[in-house]
Amino acid sequence: MKLFNWKDCPQEQMNDWLSRKFVTGQNITLAQLFLKKGCIVPEHSHESEQLSHVVVGCLRFAVDGQETVVRSNEVLAIPPNARHRVEAIEDTLVYDIFAPIRKDWLDGSDAYLRR
């Protein structure tokens, strides 16, 4: 068992538009992502299944070529290995859940987020 407190987790500034905090268990990564209006997360894919819960704000997702808008209090499920990109339509706080864990986040090989 391990207890996490978001206020104790460092907030990593990925670029001028995006920052994040995340915690990792044995099989799951949970992240708080802070996207400023206009932020673009470039198209990418990963082995993890992803649930994106928009807490505040609005995001436009393109998943395998299909677009959808996700608003406050909505959750989008993205299958493993799906190609996807994100655009922040408003300043947004989103919680992302990944299974299995995001090894690229742990080893720093997530360069697409740092552009």
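Quick caveat, the model's predicted, so the values are computed rather than measured. Starting afresh in each chain, residues are numbered from 1 along the sequence in its written order. Restriction of local features to residues with pLDDT of at least 70 applies here, the model being predicted, together with a cutoff of 80 or more for giving and counting side-chain atom pairs; totals for whole chains, interfaces and linings are based on all residues. The side-chain values count all of the structure's non-hydrogen atoms but skip hydrogen atoms and water molecules.

## Regarding empty space enclosed by the protein
Lining residues are those with an atom within 4 Å of a point, where the points come from a 1 Å grid over the protein atoms alone and group into cavities, where a 1.4 Å probe fits but cannot get out, or pockets, open sets with protein on both sides within 12 Å along at least five of seven lines. Grid points are joined across faces, edges and corners, and a volume is the space filled by probe spheres set on the points. Overall, the coordinates contain one cavity of 30 Å³ or more when judged by the stated rule. Looking at the largest cavity, its volume works out to about 180 Å³. Considering the residues around the largest cavity, the lining is formed by 18 residues, among which L33, V41, Q50, V86 and D96 are closest to the centre. Counting residues per element, the ones that place at least two in the lining of the largest cavity are β3 (29–35), β4 (40–44), β5 (49–56), β6 (58–63), β9 (84–88) and β10 (92–99). Ranked by the residues each element gives to the lining of the largest cavity, the list is headed by β10, at three residues. A run of H or I in DSSP becomes a helix once it reaches four residues, and a run of E becomes a strand once it reaches two; helices and strands are each numbered from the N terminus.

## Let's talk about the environment of V94
As for its placement among the helices and strands, V94 is situated in strand β10. Judged by its relative accessible area of 3%, V94 falls in the buried class. Put simply, V94 and L35 are 59 residues apart on the chain and 8.1 Å apart in space, counted from C-alpha to C-alpha. When accessible area is computed with a 1.4 Å probe and restricted to protein chains, residues below 20% of their type maximum are described as buried, those above 50% as exposed, and intermediate ones as partly exposed.

Such coordinate-based values are descriptive only and should not be taken to indicate function.
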